[in-house]
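Each chain is listed here by its residues.
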Amino acid sequence: MKTAYIIKRTATALLCSVLCLMAAAQSALSVGELTAAAGKVASVPVYMTNNTDVVAVQFNIQLPFAKPANAATLSDTRTNGHTIRLNKVSGNKYTVVIMSLENKAIKGNSGILARIPMTVPEDAQADDKYDITISDVVMSDRNGRNVATDKTGAGVFTVLRTPTPDLVVENLAFANSGNLEPGGKLLLSYDVKNQGTAETGEGWKENIYVENTAGVRSFIGSKSYANKLLENTTIQRVAELDI
């Protein structure tokens, strides 16, 4: 009985070793999570994990948005004289072929293999999420065998909020408070703060109005500012205007 117990434990250990080796031998493509703002070109990274030599790769990728004219690129750290070609299947679905005419193996065992661009529409809504799917994966060794252990992959693209400036007026004060009469002057000071997430363009115009007790507003003048204002930055302003 003792001998049988030892044999059983040994068989269990061997089975565990085989399963662990099988788990470690995964060869697959994947796309991680990525973000970009509306109106920008996003670069979709395609990762490859392989524990055996791979000389060529082919797969289909379904993008949420159209690919621009500029070509996909290969990672210098992984490819070894390989080329990449994209053929449109339909819509935003493409067949991607990566190969070497000299049948050279792709370098390394993990990391980014290629980047595929896509243009995020101007009207894309911030925080919206889109799937990017990979299918029909073929990872060929030198003997033409498909060593891919997973034939599909998926990633998620999220639209970023576009950074924009946002100017607000704070700490408005009058140097000559009281009743304002026609022909007089209005002296005031105020702060302009950029509470947005991006710097302003080359300056802006400030239109100044007065409002009487009846709620009637009247335009009395404007001031211009010619420089940029960084995000989360405040400047002090002074104005002297004729009434």
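Residues numbered from 1 in each chain as written. Predicted model: local features only at pLDDT ≥ 70, side-chain atom pairs only at ≥ 80, totals over all residues. Heavy atoms only, no water.

With that settled, consider the overall build of the protein chain. Each helix and strand in the protein chain was counted, giving one helix and 15 strands. Out of the 243 residues belonging to the protein chain, those deemed buried represent 32%. For the protein chain, long-range pairs separated by at least 24 residues make up 70% of all intrachain contacts whose partners lie at least 6 apart in sequence. Summed over its atoms, the accessible surface of the protein chain is roughly 14800 Å², and 52% of this surface lies on carbon and sulfur atoms. (Helix = DSSP H or I, 4+ residues; strand = E, 2+ residues; numbered from the N terminus. Buried < 20%, exposed > 50% of the residue type's maximum accessible area, 1.4 Å probe, protein only. Contact = heavy atoms within 4.5 Å. Areas by Shrake-Rupley, 256 points an atom, 1.4 Å probe, with all protein chains shown as cover.)

Here we take up the nonpolar core. Ranked by internal contacts, the top residues of the largest apolar core, which has 35 residues, are Val 57, Phe 59, Ile 61, Ile 132, Met 139 and Phe 157. Looking at this core, the elements that each hand over two or more residues are β2 (33-37), β3 (41-49), β4 (56-62), β7 (93-99), β8 (112-119), β9 (129-140) and β10 (153-160). Setting aside anything within four residues of it in sequence, one finds Ile 61 in contact with Val 44, Val 46, Asn 92, Lys 93, Tyr 94, Val 96, Ile 116, Ile 132, Thr 133 and Ile 134. The next biggest cluster of nonpolar side chains, apart from the first, holds twelve residues, and it includes Leu 188, Ile 208, Ile 235 and Ala 239. (Core = buried A, V, L, I, M, F, W, Y, C linked by side-chain atoms within 4.5 Å.)

Let us look at the environment of Gly 201. Topologically, Gly 201 is positioned in the loop between β12 (185-194) and β13 (204-211). Look at Gly 201 and you get partly exposed, because its relative accessible area is 42%. Once residues lying within four places of it in the same chain are set aside, the contact partners of Gly 201 are Asn 227 and Lys 228.

Let us now look at the sheet that holds strand β15 (residues 233-242). If you trace the three strands from one edge of the open sheet to the other, you get β11-β12-β15, paired in antiparallel fashion. Two strands in the sheet have a free side with no partner beyond their single neighbour: β11 (167-174) and β15. Each adjacent strand pair in this sheet contributes to an overall mean axis angle of 25°, direction not counted. By the bridge criterion, ten bridges tie β12 to β15 in an arrangement that is antiparallel. Pairing of Leu 187 across the sheet is with Glu 240, part of β15. (Pairing = 2+ DSSP bridges. Axes fitted to C-alpha atoms, helices over the stretch in contact; angles between N-to-C directions.)

Another aspect to go through is the confidence of the model for the protein chain. Any residue range with low pLDDT should be treated as having predicted coordinates unsuitable for detailed reading. Counting all residues, the mean pLDDT for the protein chain is 86, and 88% of those residues have values of 70 or more. Across residues 1-24 the pLDDT falls below 50, and counting only partners more than four positions away or on other chains, this stretch makes one contact in the model. (pLDDT = per-residue confidence, 0-100.)

So, on to the pattern of salt bridges. The tally for this structure, following the rule as stated, stands at nine salt bridges. A salt bridge links Asp 242 to Lys 185; its shortest N-O distance comes to 2.5 Å. Here the residue Asp 242 occupies a position in strand β15, and Lys 185 occupies one in strand β12, the gap between them amounting to 57 residues. A residue is classified by how much of its surface remains accessible, and Lys 185, at 44% relative accessible area, is partly exposed. By sharing partners, the salt bridges in this structure join Lys 185, Glu 240 and Asp 242 into a single network. (Salt bridge = Lys/Arg side-chain N within 4 Å of Asp/Glu carboxyl O.)

Turning our attention to the sheet that holds β7. Taken in spatial order, the six strands line up as β2-β10-β9-β4-β7-β6 in an open sheet, and their pairing is mixed. In this open sheet, the two edge strands, each paired with only one partner strand, are β2 and β6 (83-90). Strand-to-strand twist across the sheet, computed as the mean angle between neighbouring axes with direction ignored, equals 25°. One ladder, built from seven bridges, connects β6 with β7; its direction is antiparallel. Along β7, the bridge assignment pairs Ser 90 with Lys 93.

With that settled, consider the layout of surface pockets. Approximately 300 Å³ is the volume found for the largest pocket. If you go around the largest pocket, you meet 17 residues; those closest to its centre are Val 169, Leu 172, Tyr 190, Asn 207 and Ile 208. With seven residues, β13 is the largest single contributor of residues to the lining of the largest pocket. Partitioning the lining of the largest pocket into residue classes produces 13 nonpolar, one polar and three charged. (1 Å grid on protein atoms, 1.4 Å probe; cavity = no way out; pocket = protein on both sides within 12 Å on 5 of 7 lines; lining within 4 Å. Points joined across faces, edges and corners; volume = space filled by probe spheres on them. Nonpolar A, V, L, I, M, F, W, Y, C, P; charged D, E, K, R; others polar.)

Let us look at a nonpolar patch on the surface. On the surface, Val 169, Leu 172 and Phe 174 cluster together to form a nonpolar patch covering roughly 310 Å² of accessible area. The topology assignment puts Val 169 in strand β11. (Patch = residues over 30% accessible without salt bridge, like charges linked within 9 Å, V, L, I, M, F, W, Y side chains within 5 Å.)

With respect to the helices, strands and loops of the structure, Glu 231 is situated in the loop between β14 (217-225) and β15. Given the relative accessible area of 38%, Glu 231 is considered partly exposed. In this structure, the C-alpha to C-alpha distance between Glu 231 and Asn 194, residues 37 residues apart in sequence, is 5.3 Å. With residues near it in sequence (within four places) discarded, Glu 231 still touches Asn 194, Gly 196, Thr 197, Ala 198 and Glu 199. Of note is the side chain of Glu 231, whose polar atom sits 3.4 Å from the backbone nitrogen of Glu 199. (Polar contact = N/O pair within 3.5 Å; in protein donor to acceptor, adjacent residues only side chain to side chain.)

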